[in-house]
Amino acid sequence: MSIDMSQFHQVFFEECFEGLEAMESGLLTLDMGDIDSEIINTIFRGAHSIKGGSGTFGFTVVAEYTHIMETLLDEMRDGRRQVTQSAVAVLLDSVDCLREMLTAIQNEKAVDNASVVQHKTALEVVLHGEESVPLIKQEWMLEKVKVEAEAEVATDNSIKNEAVDVNNIKNEAVEVEQGWKISFCPYLDLLKTGNDPVRLFRELNELGDLTITVNIQDIPGFYEIDPEECNISWDLKVVGDISEDEIREIFNWVEGDCEMNIEQLTKPVKSPPVIQQIDPAPAIILPNKPVAPPPKVMVDVKKPDIQDIDHDATKTTAKASSIRVDTDKIDTLINMVGEVVITQSMLGLVGENFTMDKVGQLKRGLSQLERHTRDLQQSVMNIRMLPISFVFSRFPRLVYDISSKLDKKIVLKLVGENTEVDKAVVELINDPLVHLIRNSLDHGIEMPIDRIAAGKPETGTIELKAYHRGGHIVIEIIDDGRGLDKEKLLAKAIEKGLIEENNLLTEKQIFELIFMPGFSTAEQLTDISGRGVGMDVVRRNIQSLGGNIEIISELGKGTTIAIHLPLTLAILDGQSVAVGDETYIVPLVSIIESINITERMLNKVAGKGETFRLRNEYLPVIRMRKIFNVGSGDKITSKEGVLVIVEGQGELCCLLVDELLGQQQVVIKSLEANYRRVEGVSGATILGDGSVALILDVPGLVRFSIR
Amino acid sequence: MAQVAEDKDIDQYHYSKNLDNAVQYLSFALGKEEYGVDILRVQEIRSWEPVSRIPNVPYYEKGVVNLRGSIVPILDLRERFNLSKAEYTPLTVVVVLQTDDNNKTRIMGVVVDSVSDVISVDKTEIQAAPDFGAKVSNEFINGLVSVNDRMVMLLDVDKLLKLEDLDQDEI
């Protein structure tokens, strides 16, 4: 029975993608003039761990590829190689290539070999120049064996194998002259005879440079393991001027207890076919296969069909969603649970023989329980919180790519990356942000010449900023580009028939136009933006997250797009209100104030609409009884009631309800999971008595009432 | 009681006779009519409890209830089938059904007068529902079957619980 490695794959891929992101952001921050060795180290570490991991899991293609990157990075790290812009570009490309490979492997698809070879060649050219390409193959092969030995020994904790020092092998590996290949497959009772394989290996290592590959596929499942049995076999490779007798002498002691095969290494060592590495070799002695010549590196490869790859990428299989949580957060959680359990048992004790004199104790216990529950809730919510940098970290690359494509000079500034938001928000906000940033890059920032002409610095700046405000997280995309041209927007809207010619619009309403479907002022379509789809989708996505989006712009100075999002999608602070005998929840964040009013304070407009005058401002009134057709309950037609003044999508409006009930935190439940979307309602929650109350969707309600 | 036991025996007999073709249905009454739903779609049977009304939806969608933490809509089958309205009493029963809507399982409750029986039906004995003309809708009816000389209408749960689209404008 072999260890099922596939159970670790998910973790491996996650780590790889994290590594890739680290490499990418490292590469992008590299400043040509002044190389920070710490950054190179970070990039190197990323490459190294991907190589190690993929070697262990048998993804040879990946390991092989990373190795070349690593070599390059190693030289940069040691200062043997100059860090050039072109080398960085090649490395960035290879990061992409690696990501593609890993995604392909993750989705159990074939790796696009053509593109791999192409990128590899590019790397090798940077590394050696073209003629020296075949050399690395050999170095790579030995290096790989070393990595595998390291990795496999490390993986298997049940075998206390001392790490054999093989580090010094690396540099001499290229000039392999002589050596031996030994398949060492001990019988089960080798250990019982008092032999320690590690000792043998140590002796071998004294003879020459030793490389060890451990075959662990025969190790039984944990419960079947007999610690006195030896289920491992080894493939050894010892390099140096050694006679066969010397080796035989070492193994003399175990001769009767193992199967052994000693072969002379052919020289020079050639890379074995790749497939052999993927299927772990069986533990029986391998006959000496004639070794295939190294695969030729093709230099002129046809460009892979990029569209094909893109197509594949979109079809990625659904993967289990997981989250990485800081252990501190878990510890807090466990502490909290402990507290709750203690309180619960205390309450149980009180309840067991309850007499009235214990009321005080009971009250204390209950208030303690309340506090603990709240804390517990908070720490559970905390687990779902991720820093927004999970999203932001992808953008430097995006900006780098697009700005070089557009020949613009743009710096991206990230502010407040550590602001924490709910995981669901993190996942869903990415696409809208990508879209908005592309827009800023393409339409916002001008070409360098135009910028200089406008008296601005040649390099444009896009600032991506996240911060908390109230119960919201605000994400701002600020550019110092040309800003929105109101006249142009208006003209375009009239031309497209979206608005009437003599409509008077406020500045805000004009900017809102760009969220209309089909609206685009771009003179020409590019592959980056300008088709007029998108902004409406962006707004819809953000609204579906319970957020809103606003634009502030000044012609010639720049544009700021601010996205307001709720911190979490699972719990909100709510104000319960009574309408008839029904209870609704108004999200507390959208409430500005509440006023007791009587019928006379409302003004009729054209006999239908109603307004309320609040500090010299007339606000539209929505009668909740009317809009929700509440007929039940007492019939007094809200002679007196409470006006709840709410803000939805930047608009103020008043909800007329019967009564304010109380404030409480409510857990948001989806109404759509089993039912449907209901206008004016964003979700439902379960009240203390087990009944269901609807949560009002304030912006939706405003829109609904207008129609 | 004896009658019930005897019925059961008959059912048992029925069941063992046509093991391959047998499908079990839960039958329930709406007024004088008897309907059946595939028993594998029945999640549970509950007594009626007050619902929270949902504004601006068709009249037969009575509202939602809290079913162990999930929000479950309740439809009134009498009203859905345009039968006379019945008062809800503590004996009114809600049958919680699972439905498949675009590969997504939804849970919904339907209000019925009373649950009658579990019947085993030989697939071959199910007759297609006759066309009643345009006046009577038979879109939810999968077929008819007679059990002990009573006619039971077998309902298509997925069609039955497919919510009508409201004419809401997408915003």
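Residues numbered from 1 in each chain as written. Chains lettered and ligands numbered in written order. Predicted model: local features only at pLDDT ≥ 70, side-chain atom pairs only at ≥ 80, totals over all residues.

## A closer look at the overall build of chain A
Okay, so step 1: For chain A, the count of helices and strands is 22 helices and 22 strands.
Okay, so step 2: The buried share of chain A, reckoned over its 707 residues, is 30%. (Helix = DSSP H or I, 4+ residues; strand = E, 2+ residues; numbered from the N terminus. Buried ≥ 20, exposed ≤ 12 C-beta atoms within 10 Å, placed from the backbone.)

## Remarks on the overall build of chain B
Okay, so step 1: Tallying secondary structure elements over chain B gives 3 helices and 10 strands in all.
Okay, so step 2: Taken from the N to the C terminus, the helices and strands of chain B come in the order α-β-β-β-β-β-α-β-β-β-β-β-α.
Okay, so step 3: Of all 171 residues assigned to chain B, the portion counted as buried reaches 27%.

## Observations regarding unusual backbone geometry
All names here are of chain B.
Okay, so step 1: Residues other than glycine seldom take positive phi values, yet N148 does so here, at roughly 50°.
Okay, so step 2: Note on placement: N148 falls in the loop between β9 (141–147) and β10 (150–155).
Okay, so step 3: One non-glycine residue, D149, adopts positive backbone phi at about 65°.
Okay, so step 4: If you trace the backbone, D149 turns up in the loop between β9 and β10.
Okay, so step 5: The class for D149 is exposed, based on 5 C-beta atoms found within 10 Å.

## A closer look at the sheet that holds strand β1 (residues 179–186) of chain A
Residue and element names in this part refer to chain A.
Okay, so step 1: Spatially, β2-β3-β1-β4 is the arrangement adopted by the 4 strands of the open sheet, whose pairing is antiparallel. The open sheet has two edge strands with one neighbour each: β2 (209–215) and β4 (258–264). Pairs of neighbouring strands in the sheet enclose a mean axial angle of 15°, with direction left out of account.
Okay, so step 2: Relative to strand β3 (residues 233–239), β2 runs antiparallel, the two sharing 7 bridges. Among the inter-strand pairings, L210 is bridged to a residue of β3, identified as V238. (Pairing = 2+ DSSP bridges. Axes fitted to C-alpha atoms, helices over the stretch in contact; angles between N-to-C directions.)

## Some thoughts on the packing of helix α1 (residues 9–29) of chain A against helix α4 (residues 85–106) of chain A
Residues and elements named next belong to chain A.
Okay, so step 1: The interhelical angle for the contact between α1 and α4, taken along N-to-C directions, is 165°, at an axis separation of 10 Å. With respect to α4, the axis of α1 lies roughly antiparallel. Crossing hand, α1 versus α4: left-handed. Together, F13, C16, F17, L20, M23, E24 and L27 of α1 and V88, L91, L92, V95, L98, R99, L102 and Q106 of α4 make up the contact between the two elements.
Okay, so step 2: Across the contact of α1 with α4, the residue classes tally to 12 nonpolar, 1 polar and 2 charged. (Parallel < 35°, antiparallel > 145°, perpendicular 65-115°, else oblique. Left-handed = near helix turned anticlockwise from the far one by under 90°. Contact = placed C-beta atoms within 7 Å. Nonpolar A, V, L, I, M, F, W, Y, C, P; charged D, E, K, R; others polar.)

## Overview of the interface of chain B and chain A
Okay, so step 1: Every contact between the two is made by 19 residues of chain B and, on the other side, 19 residues of chain A.
Okay, so step 2: Every element with two or more residues in the side of chain B that touches chain A is listed here: β4 (61–67), β5 (70–76) and β7 (104–112) of chain B.
Okay, so step 3: The leading source of residues in the side of chain B that touches chain A is β5(B), at 4 residues.
Okay, so step 4: Class assignment for the residues of the side of chain B that touches chain A results in 12 nonpolar, 5 polar and 2 charged.

## Here's the deal with α1(A)
Counting along an α-helix, one turn takes 3.6 residues, and residues three or four places apart therefore face a common direction.
All names here are of chain A.
Okay, so step 1: With 21 residues, α1 extends 30 Å from end C-alpha to end C-alpha; this agrees with the ideal 30 Å at 1.5 Å per step.
Okay, so step 2: Restricting attention to buried positions, one finds in α1 the residues F12, C16, G19, M23, E24, S25, G26 and L27.
Okay, so step 3: Where α1 is buried, its residues contact α2 (37–57), α4 and α15 (395–406). (Expected span 1.5 Å × (residues − 1).)

## Things to note about the sheet that holds strand β22 (residues 692–696) of chain A
All names here are of chain A.
Okay, so step 1: With mixed pairing, 5 strands are arranged side by side in an open sheet as β20-β12-β13-β22-β21. Edge positions in the sheet fall to β20 (659–667) and β21 (681–686), since each of these pairs with one other strand and no more. Strand-to-strand twist in this sheet, taken as the mean axis angle between neighbours without regard to direction, amounts to 35°.
Okay, so step 2: When strand β13 (residues 582–587) meets β22, the two strands line up parallel, connected through 2 bridges. For Y584, the partnering residue across the bridge sits in β22 and is L694.

## A look at the environment of A:R613
Residue and element names in this part refer to chain A.
Okay, so step 1: You can see R613 is positioned in strand β16 (residues 609–614).
Okay, so step 2: Overall, R613 belongs to the exposed group, with 11 C-beta atoms counted inside 10 Å.
Okay, so step 3: Sequence-wise, R613 and M601 are 12 residues apart; in three dimensions their C-alpha atoms are separated by 8.0 Å.
Okay, so step 4: Not counting residues up to four positions away in its chain, the partners in contact with R613 are N603 and Y618.

## Quick notes on the packing of α15(A) against helix α16 (residues 423–444) of chain A
Residues and elements named next belong to chain A.
Okay, so step 1: Across the interface, α15 lies against α16 with an axial gap of 10 Å and an inter-helix angle of 30°. Between α15 and α16, the interaxial angle falls into the category roughly parallel. α16 is crossed by α15, and the crossing has right-handed handedness. Residue-level inspection shows F395, L398, V399, I402, S403 and L406 of α15 in contact with α16, the latter providing V434, I437, R438, L441 and D442.
Okay, so step 2: Residue composition of the contact of α15 with α16, by class: 8 nonpolar, 1 polar and 2 charged.

## A short note on the nonpolar core
Okay, so step 1: Formed by 67 residues in total, the largest nonpolar core has its most connected members in A:V644, A:L696 and B:V64.
Okay, so step 2: Look past the residues within four positions of A:V644 in its chain and what remains in contact with it is A:V577, A:V586, A:I591, A:S594, A:C654, A:L655 and A:V657.
Okay, so step 3: Ranked by size, the runner-up nonpolar core spans 34 residues in total, among them A:I388, A:I437, A:I475 and A:I477. (Core = buried A, V, L, I, M, F, W, Y, C linked by C-beta atoms within 7 Å.)

## So, the pairing of strand β1 (residues 22–30) of chain B
Residue and element names in this part refer to chain B.
Okay, so step 1: Summarising the sheet, β1 and strand β8 (residues 114–122) pair through 8 bridges and their orientation is antiparallel. Within β8, the residue paired with A29 across the bridge is S114.
Okay, so step 2: The pairing of β1 with strand β2 (residues 33–38) spans 6 bridges and is classified as antiparallel. Residue pairing for β2: Y25 is matched across the bridge by D38.

## Digging into the confidence of the model for chain A
All names here are of chain A.
Okay, so step 1: In this model, chain A carries a mean pLDDT of 74, and residues with pLDDT of at least 70 account for 79%.
Okay, so step 2: Here residues 130–176 scores under 50 on pLDDT; set against residues more than four positions off or in separate chains, the count is 77 contacts.
Okay, so step 3: Contacts from residues 267–319, a stretch scored under 50 in pLDDT, to residues over four places away or in other chains number 62 contacts. (pLDDT = per-residue confidence, 0-100.)

## With respect to the confidence of the model for chain B
Okay, so step 1: Here chain B averages 78 in pLDDT, and 80% of its residues register 70 or above.
Okay, so step 2: Averaged pLDDT values for the elements of chain B fall to 50 in helix α1 (residues 2–17) of chain B and rise to 91 in strand β3 (residues 42–47) of chain B.

## Side note on the environment of A:E647
Residues and elements named next belong to chain A.
Okay, so step 1: Within the fold, E647 resides in strand β18 (residues 640–648).
Okay, so step 2: The class for E647 is partly exposed, based on 16 C-beta atoms found within 10 Å.
Okay, so step 3: Taking the C-alpha atoms as reference points, E647 and S590, separated by 57 residues in sequence, lie 5.2 Å from one another.
Okay, so step 4: If we skip the residues at most four places from it in the chain, E647 touches S590, I592 and L652.

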